Amino acid sequence: MTPNPRQSQLLDEVRRLGSVSVEALAERFGVTLQTVRRDVKLLSEAGLVSRFHGGVRVPSSTVENIAYRQRQSLNAQAKRRIARAVAQAVPEGCSLILNIGTTTEAVAHELLRHRGLRVITNNLNVAAILSDNPDCEVIVAGGVVRSRDRGIIGEATVDFIRQFRVDIGLIGISGIEADGTLRDYDYREVKVSRAIVEHSREIWLAADHSKFHRPAMVELGHLSELDRLFTDAAPPEPFPALLAEADVQCIIAPEDTP
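Residues numbered from 1 in each chain as written. Predicted model: local features only at pLDDT ≥ 70, side-chain atom pairs only at ≥ 80, totals over all residues. Heavy atoms only, no water.

Enquirer: In this structure, what is going on with the overall build of the protein chain? I would like to understand it.
Expert: Within the protein chain one finds ten helices and 15 strands. Taking 18 Å as the expected radius of gyration for a compact globule of 258 residues, we find that the protein chain reaches 19 Å, a close match to that expectation. Principal-axis analysis of the C-alpha atoms places the extent of the protein chain at approximately 55 × 40 × 35 Å. Contacts in the protein chain between residues at least 24 apart in sequence constitute 62% of all its contacts with a sequence separation of at least 6. One way to put it: in the protein chain the 31 positive side-chain charges average out to a point 5 Å from where the 34 negative ones average out. (Helix = DSSP H or I, 4+ residues; strand = E, 2+ residues; numbered from the N terminus. Rg over C-alpha atoms; globule rule 2.2 N^0.38 Å. Contact = heavy atoms within 4.5 Å. Lys, Arg positive; Asp, Glu negative; His and termini not counted. Charge placed at Lys NZ, Arg CZ, Asp CG, Glu CD.)

Enquirer: Where do I start with the nonpolar core in this structure?
Expert: As a rule of thumb, soluble globular proteins bury nonpolar side chains together. Counting residues in hydrophobic clusters, the biggest one holds 28 residues, and the most contacted among them are Ile176, Leu182 and Leu205. Mapped by element, the contributors of at least two residues to this core are α8 (155-161), β9 (166-171), α9 (187-198), β12 (200-206), β13 (218-222) and α10 (239-246). A total of five residues in this core trace back to one element, the largest contributor, which is α9. (Core = buried A, V, L, I, M, F, W, Y, C linked by side-chain atoms within 4.5 Å. Buried < 20%, exposed > 50% of the residue type's maximum accessible area, 1.4 Å probe, protein only.)

Enquirer: Help me out: how do you make sense of a nonpolar patch on the surface in this one?
Expert: There is a patch of nonpolar side chains on the surface, built from Leu124, Val140 and Val145 and spanning about 200 Å² of accessible area. The residue Leu124 is located in helix α7 (residues 124-130) in this model. Look at Leu124 and you get partly exposed, because its relative accessible area is 30%. (Patch = residues over 30% accessible without salt bridge, like charges linked within 9 Å, V, L, I, M, F, W, Y side chains within 5 Å. Areas by Shrake-Rupley, 256 points an atom, 1.4 Å probe, with all protein chains shown as cover. Salt bridge = Lys/Arg side-chain N within 4 Å of Asp/Glu carboxyl O.)

Enquirer: Help me out: how do you make sense of the confidence of the model for the protein chain in this one?
Expert: Any segment with low pLDDT has predicted coordinates that should not be analysed in fine detail. Predicted confidence across the protein chain gives a mean pLDDT of 89, with 92% of residues reaching 70 or more. Across residues 62-69, confidence stays below pLDDT 50; counting only partners more than four residues off in sequence or on other chains, it has 19 contacts. (pLDDT = per-residue confidence, 0-100.)

Enquirer: Would you mind going over the sheet that holds β12 with me for this structure?
Expert: Remark on secondary structure: sheet strands pair via backbone hydrogen bonds, oriented parallel or antiparallel. Taken together, the seven strands give an open sheet; going across it, the order is β6-β5-β4-β9-β12-β14-β15, and neighbouring strands pair in parallel fashion. Among the strands making up the open sheet, the edge pair consists of β6 (136-140) and β15 (249-252). Across this sheet, the average inter-strand angle for adjacent strands is 20°, counted without regard to direction. Where strand β14 (residues 228-231) meets β15, four bridges bridge the pair, whose relative direction is parallel. Across the sheet, the residue bridging to Leu229 is Cys250, located in β15. Along the sheet, helix α5 (residues 76-89) contacts β9, β12, β14 and β15; its crossing angle with β14, the most-contacted strand, is approximately 145°. (Pairing = 2+ DSSP bridges. Axes fitted to C-alpha atoms, helices over the stretch in contact; angles between N-to-C directions.)

Enquirer: What exactly am I supposed to notice about helix α2 (residues 22-29) here?
Expert: Counting along an α-helix, one turn takes 3.6 residues, and residues three or four places apart therefore face a common direction. Looking only at α2, the buried set comprises Val22, Leu25, Ala26 and Phe29. One side of α2 carries all its buried residues, which in axial view fall inside an arc of 100°. Looking at the buried residues of α2, the elements they touch are α1 (5-17), β1 (19-21), α3 (33-45) and β3 (55-57). (Arc of directions from axis to C-beta.)

Enquirer: How should I be thinking about the side chain of Arg146 in this particular structure?
Expert: Looking at where Arg146 falls in the secondary structure, it is placed in strand β7 (residues 144-146). A residue is classified by how much of its surface remains accessible, and Arg146, at 8% relative accessible area, is buried. Polar side-chain contacts of Arg146 include one of 2.6 Å to the side chain of Asp149. Excluding anything up to four places from it in sequence, Arg146 contacts Ile100, Gly151, Ile153, Asp186 and Glu189. (Polar contact = N/O pair within 3.5 Å; in protein donor to acceptor, adjacent residues only side chain to side chain.)

Enquirer: Help me understand unusual backbone geometry, please; the structure alone is not making it clear to me.
Expert: Among all residues except glycine, the phi angle is most often negative; among peptide bonds, the trans geometry is most common. A cis amide bond, omega 5°, links Glu237 with the succeeding residue Pro238. Along the chain, Pro238 turns up in the loop between β14 and α10. A positive phi angle, close to 65°, is found at His213, a residue other than glycine. Along the chain, His213 turns up in the loop between β12 and β13. Positive phi values are uncommon outside glycine, yet Asp247 reaches one of about 60°.

Enquirer: Sorry if this is basic, but what is going on with the sheet that holds strand β11 (residues 181-184) here?
Expert: The three strands lie next to each other as β10-β11-β13, forming an open sheet whose pairing is antiparallel. Each end of this open sheet is capped by a strand with a single partner; those strands are β10 (175-176) and β13. Of the strand pairs in this sheet, β10 and β11 are connected by two bridges, and their pairing is antiparallel. Residue pairing across strands places Gly175 opposite Arg183, the latter belonging to β11. Packing against the sheet, α9 makes contact with β11 and β13, and its axis sits at approximately 15° to β13.

Listed below in structure tokens is the structure:
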């Protein structure tokens, strides 16, 4: 299809945000919900967007993640807000594990002024960032380095993580499905993240709004295993009820101040 001017603007907005509700699009463009739904249906049939209940997102594969450089820029402002909220909640003098992901890398930047941290990571980018903090001891997991994003994966990584029990396991994720399932793309990465969940006293998930209703192939766990969820906007339905039922604290990062 050749999108009309409004549909092109709608498509640009979805690509900019990653995912957005039908209501927000209707308000943004000053049209009815029916008009947005009609546009979204046409764009979806053309493979330009993916629909979910109540909203629309950039099309995604269940087997392959977005390229690392693209993920760095996607929702970058939201990730910085989330990272600041996480850092404010991290007490000084504690132990953490940070896994692979651009959001956890944003968190690492926000921890540069913390004192007395001991951080274990399977993310070489996180290790490089936090090595600039002289008051932070960084322990890097062994294993195979994944060249596209400098993540460390494999059985050796899983065995390494299993030596520890830390105060906080901070993980990122590629997708959260409507039943509360946490999903990612690489089963080897998921095995490491699973070990982090099992060897942390508290599990914190940092995930921007685009991760809700996003499909991925490999199951990591469930929302009910989390202690805290840090995100940048109120989660869409049905997630508020799932979080409340599981007694997961949901922290919505505040907007940037002018």
